[in-house]
Amino acid sequence: MTREQLLRTYLEDEIFTENGYLEPGEFDSFEWNDKRRILIIEVLKILIKGEIDKEGKATTVRKANQFISNQL
Amino acid sequence: MILQSIDLDNFMCYYGENRFEFTEGINVIIGDNGYGKSKLYDAIYWVMYDQVFDTSSKEFKPTKQLNNTIISDRALHEAEDGQIQCSVTLTFIDKRNENTYTLQRQLKATKENGEINFGSKSSRRVTKKKAYLTAQVVDNNEEIERIEKKIIPENIRHYMWFQGEQIEKLIDFRDNETLTQAINVLSDISNFDNISERTEALYSQVKNELKKKQRSLSKDKEKSDSLEDDRKQLERKLAELKGQLKEAEENSRKAEQKSSQLLNKLEDAQRIRELDDKRKAVEKDFNNVHQQLNNEQLTFHKKMFTNSWLLKGTEELFENFSEQYSKYEEDRLNKKAEIKAKLAVENELIKELQTRLPVNVPEPIYVQQMLKEQRCLVCNREAKEGSDAYKSIESLVNRSKKEIKELSDVEIAKHDFSNSFKSLYHNGLNQEKIISRVDEDIHNTLIRTQELLDRKGELREELDEITAEMENIVIETSIDTDQAKNIINDLRAQNKYAERFNVDIGYLNNQIKEVEKKLKKLEKDYEDLVVGDVDKGLIKKVDLCEELYNAATSTRDRVFKRLIDTLEEEANKHYLSMTQDNLSVRGIIKLREYNGNYTPELVDENDNQLLQLNTGNIILIKLATIMAIISARKSTRDTALYTLISDAPMSALGDDYTIGFCKTVSQTYRQSIIMSKEFYKNEDLRRELLNGNNINLGKVYMITPNLPDSERTNRKKLSTNIKPLN
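Residues numbered from 1 in each chain as written. Chains lettered and ligands numbered in written order. Predicted model: local features only at pLDDT ≥ 70, side-chain atom pairs only at ≥ 80, totals over all residues. Heavy atoms only, no water.

Peer 1: Where do I start with the overall build of chain B in this structure?
Peer 2: Looking only at helices and strands, chain B features 20 helices and 19 strands. Considering chain B as a whole, with its 726 residues, one finds that 42% of them fall into the buried category. Of all intrachain contacts in chain B linking residues separated by at least 6 positions in sequence, the fraction that spans at least 24 positions is 73%. Here chain B has roughly 40600 Å² of accessible surface; of this, 47% comes from carbon and sulfur atoms. (Helix = DSSP H or I, 4+ residues; strand = E, 2+ residues; numbered from the N terminus. Buried < 20%, exposed > 50% of the residue type's maximum accessible area, 1.4 Å probe, protein only. Contact = heavy atoms within 4.5 Å. Areas by Shrake-Rupley, 256 points an atom, 1.4 Å probe, with all protein chains shown as cover.)

See below:
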């Protein structure tokens, strides 16, 4: 599975539409480089990338945590 | 890539040079047990992994442990002193670019003065030949690994290359984690698992950040610390309870699974018990009949005497005797009558004499005196010798000797056998009655013996049938008589265990709820101690990470469930295809979840589990599931890229499913190589394979040893004949 396929699979979860991050059905065409840069999706991308790149768990978590802190 | 050919040179039973060529479709190597099918499978495995399947331990072993079995015994025996070589060459072709790859493994031994030394290790040579170019040796390990991966990737190897005996282990119903593991290995679910782990760690990290912040803003630091201690204690307690819950759930799952397996076996077990009881009853009858027959056979000869069978055919003797006896009696009576008449005359004379003078009057002494004096001393008259008077006196001398005789005083015959003959005659009369019944008696005895023999035969047949049925059930179900007796008790015990563990699960869940409630209250107390506002950004961060954690968890579950649905759908497609040509038990394969693990079951249209499946059916479900694991990975095109190689996968299926299996395999995999004995024994089945319309057939070979079965143990002369059938 590519990183985009993985991302789309996560975005299919109803939590993203229920909480207003995405429009219903939007997940299917969502692109990795989506310009809106929705925070939760950006964090998810860091986690997916960490997995695809076989990065250490602690490293990925630290990166994601730092990213959220910088954004908030 | 597809396997184009295998060349075997002095490998195991393949003495000399041997070659199999294969094409796309299902390629079948037919041979009876011990004819070399598994050795062919070993040859492929040996080249790839330097291992062969050890049938005694049922596992693959490095060939350095089994070197002395690799080289053909005949090659070793016939070779002169020097080097003996064995090799197997696999030739694969990549149809996309027409590149050809050969992998050749060699093993050498040396022979000196008849002594063989297997000291050396095997070696492997890999070559690559691009279309229209000459072959080049590949000595770069990474390149070799790439080629091996092109032949068969490691993660799917066990589901593409397997021995019939391994099917049980590949999808082990007793260990439902096998299927979960297969799903994990063959899908991307591990990515989702890892991402879930990361989101959980992130969520936990930001929660700790929040707690740290809250503690720094506490109006009562001491209380906050105390609450923190309590929280840690409760969290430990919660972790402990969750551990216990997991254990109880696992125990319950195992008990329910065991119970379900036992329930599956219940009918078979009951049948085995019934058959065992019946067998015992028939055996008892058989022994009785056997005993009676023995007695009959033992007493048969005695009856020659006890039942006078010895006299059979002697009727004439008795008749003759009777006649002779009758004549004898008649003669005797006649003689008796004659003597009687004579006696009567004589007695009359005596009586007459006695009327003149009384007996002994005159006394004999005077009579003698009268004869001497020639004068009657009674009347004093002269009685000259020769005169009537003299004769009259003389008659008085003889008179004294004569007495009246009775018949009993007279000897009728010199030897009188009358009584003996009479006794014999009477005895004969009795024997005649017996003789008249001898034939009937012999006839009845023979009939009874035959009846007992027939009954014994019937009982033997019945016993054989019962034994055969029992053996079949035992083979099919792996339940022996002792186990059958224990199954009902085991089932009760497992149900009780499951019940007890479920009570524990309920209790633990309540405990967990209690602790979680306490934790929540504690969190609230903790928050109440906070003076001022916690950084909203931090709270938002926690909320975001919680959302992310929830999304990751539910996505993982959804993906896994979808995978299971796909697998189920594929397994059913294969199962239906394999079973549609016969009237076997139908059903739908359901991958049932038990506490997070999945195990295949067969259900009816109402989702009720079908129990009492036979071994063939269970193996079919497993084969369908194995095939589904590969074919469900549609995006990977595994079934088109790699060859299915299986030794005796159909051995437990039974003839009914064999063609169905071949058809399904040929339609699912681009290339498959199947070793089978089913087509060896059943010629109709072989014809069906060779002429089957729906089978995408590759090459079919028949392998036979060069020696008759009785001489096959002499491996020093053994080689294998390979005959192409199409």
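Peer 1: Sorry if this is basic, but what is going on with the pairing of strand β16 (residues 643-647) of chain B here?
Peer 2: Sheet faces and side chains relate simply in a regular strand, where the side chains alternate between the two faces. Residues and elements named next belong to chain B. Most of β16 is tucked away: five of the five residues are buried. Where burial is concerned, the two faces of β16 agree: the one with Thr 643, Ile 645 and Asp 647 and the one with Leu 644 and Ser 646 are both buried. Alignment of strand β11 (residues 161-163) against β16, held across three bridges, turns out to be parallel. Bridged to Gln 163 within β16 is Asp 647. Where β16 meets strand β17 (residues 671-676), five bridges bridge the pair, whose relative direction is parallel. Its bridge partner being in β17, Ser 646 is matched across the sheet by Ile 674. (Pairing = 2+ DSSP bridges.)

Peer 1: Got a minute to help me understand the interface of chain A and chain B in this structure?
Peer 2: Often, the extent of an interface is quoted as the loss of accessible area upon association of its parts. The interface of chain A with chain B comprises 29 residues on the first partner and 30 residues on the second. For the pair chain A and chain B, the two sides together bury roughly 2500 Å², of which 64% comes from carbon and sulfur. Residues Lys 57 of chain A and Glu 197 of chain B are paired through a salt bridge, measuring 3.8 Å at the closest nitrogen-oxygen approach. Applying the counting rule to chain A against chain B returns 14 residue pairs in polar contact (both at pLDDT 80 or more). The set of elements that each furnish at least two residues to the side of chain A that touches chain B consists of α1 (3-11), α2 (15-18), α3 (39-52) and α4 (57-71) of chain A. (Buried area = accessible area lost by both parts, 1.4 Å probe. Salt bridge = Lys/Arg side-chain N within 4 Å of Asp/Glu carboxyl O. Polar contact = N/O pair within 3.5 Å; in protein donor to acceptor, adjacent residues only side chain to side chain.)

Peer 1: Got a minute to help me understand the sheet that holds strand β19 (residues 720-724) of chain B in this structure?
Peer 2: Residue and element names in this part refer to chain B. What the six strands build is an open sheet, ordered β11-β16-β17-β3-β18-β19; its pairing is mixed. Only two strands of the sheet have a single partner each, and these edge strands are β11 and β19. Adjacent strand axes in the sheet meet at a mean angle of 15 degrees when their direction is disregarded. Two strands pair when backbone bridges link them, and strand β3 (residues 25-30) and strand β18 (residues 697-705) are joined in this way by four bridges, in the parallel orientation. The residue of β18 that forms the bridge with Ile 29 is Tyr 701. Each of β3 and β18 touches helix α20 (residues 683-691); the most contacted strand, β18, lies at about 150 degrees to it. (Axes fitted to C-alpha atoms, helices over the stretch in contact; angles between N-to-C directions.)

Peer 1: Sorry, what's going on with a nonpolar patch on the surface here?
Peer 2: Residues and elements named next belong to chain B. A cluster of nonpolar side chains, namely Met 304, Phe 305 and Leu 310, defines an oily patch on the protein surface of about 320 Å² accessible area. For Phe 305, the location among the structural elements is in helix α9 (residues 221-306). Residue classification places Phe 305 among the exposed residues on the basis of a relative accessible area of 62%. (Patch = residues over 30% accessible without salt bridge, like charges linked within 9 Å, V, L, I, M, F, W, Y side chains within 5 Å.)

Peer 1: Is there a simple way to explain helix α18 (residues 655-668) of chain B in this structure?
Peer 2: Residues spaced three or four apart along an α-helix point in a common direction, a consequence of the helix completing one turn every 3.6 residues. Between its first and last C-alpha atoms α18 of chain B spans 20 Å; for 14 residues at 1.5 Å apiece the expected length is 20 Å, and the two agree. Of all the 14 residues making up α18 of chain B, eleven are buried; the element is thus mostly covered by neighbouring parts of the structure. (Expected span 1.5 Å × (residues − 1).)

Peer 1: What is the right way to look at the pattern of salt bridges in this model?
Peer 2: A side chain of one charge can pair with a side chain of the opposite charge if their charged atoms are brought near each other. All names here are of chain B. Considering all chains together, one arrives at 49 salt bridges over all chains under this definition. With a shortest N-O distance of 3.3 Å, Asp 94 and Arg 96 are connected by a salt bridge. Judged by its relative accessible area of 3%, Asp 94 falls in the buried class. The class for Arg 96 is exposed, based on a relative accessible area of 62%. Ionic pairing is found between Arg 460 and Asp 464, a salt bridge with its closest N-O pair at 3.6 Å. Linking Arg 460 with Asp 464, this pair stays in helix α13 (residues 418-477), spanning four residues, or about one helical turn.

Peer 1: What is the right way to look at unusual backbone geometry in this model?
Peer 2: If a residue is not glycine, its phi is most likely negative; likewise, a peptide bond is most likely trans. All names here are of chain B. For Asn 10, which is not glycine, the phi dihedral falls at a positive 55 degrees. Within the element layout of this structure, Asn 10 appears in strand β1 (residues 2-11). On the basis of relative accessibility, which here comes to 12%, the residue Asn 10 falls in the buried class. With a phi close to 60 degrees, Asn 380 is a non-glycine residue in the positive phi region. The residue Asn 380 is located in the loop between β12 (375-376) and β13 (381-382) in this model.

Peer 1: Can you walk me through helix α4 (residues 141-151) of chain B in this structure?
Peer 2: Residue and element names in this part refer to chain B. Along α4, the positions that sit buried rather than exposed are Glu 143, Ile 144, Ile 147 and Ile 151. Across the axial projection of α4, the buried residues extend over an arc of 100 degrees, all falling on one side. Along α4, the residues that are exposed and aim more than 90 degrees away from the buried face are Asn 141, Glu 142, Glu 145 and Lys 149. Capping the start of α4 is the job of one residue whose side-chain oxygen sits 2.8 Å from the backbone nitrogen of Glu 142: Asn 140. (Arc of directions from axis to C-beta.)

Peer 1: Would you explain the state of the cysteines in this entry?
Peer 2: As used in these notes, a disulfide is a covalent bond between sulfur atoms, one from each of two cysteines. Inspection of the entire model under this criterion finds zero disulfides over all chains. Cys 376 of chain B carries a free sulfur, and the closest cysteine sulfur to it, the one in Cys 379 of chain B, is 3.4 Å from it. (Disulfide = S-S within 2.5 Å.)

Peer 1: What exactly am I supposed to notice about the environment of Gln 368 of chain B here?
Peer 2: In this fold, Gln 368 of chain B is placed in helix α11 (residues 364-373). Residues Gln 368 of chain B and Leu 396 of chain B, 28 residues apart in the sequence, show an inter-C-alpha distance of 9.4 Å.

Peer 1: Would you explain a negative patch on the surface in this entry?
Peer 2: Residue and element names in this part refer to chain B. Residues Asp 220, Glu 222, Asp 225, Asp 229 and Asp 230 make up a contiguous surface patch of negative charge. Structurally, Asp 229 is set in helix α9. Overall, Asp 229 belongs to the partly exposed group, its relative accessible area being 47%. (Lys, Arg positive; Asp, Glu negative; His and termini not counted. Charge placed at Lys NZ, Arg CZ, Asp CG, Glu CD.)

Peer 1: Got a minute to help me understand the pairing of strand β9 (residues 123-129) of chain B in this structure?
Peer 2: Residue and element names in this part refer to chain B. By the bridge criterion, seven bridges tie strand β7 (residues 99-112) to β9 in an arrangement that is antiparallel. Bridging across to β9, Gln 104 finds its partner in Arg 125. Pairing of β9 with strand β10 (residues 136-138) involves three bridges; the strand directions are antiparallel. Bridged to Lys 128 within β10 is Gln 136. Taking the residues between adjacent antiparallel strands as the criterion, β9 and β10 are bridged by six residues, where Tyr 132 takes a positive phi near 65 degrees.

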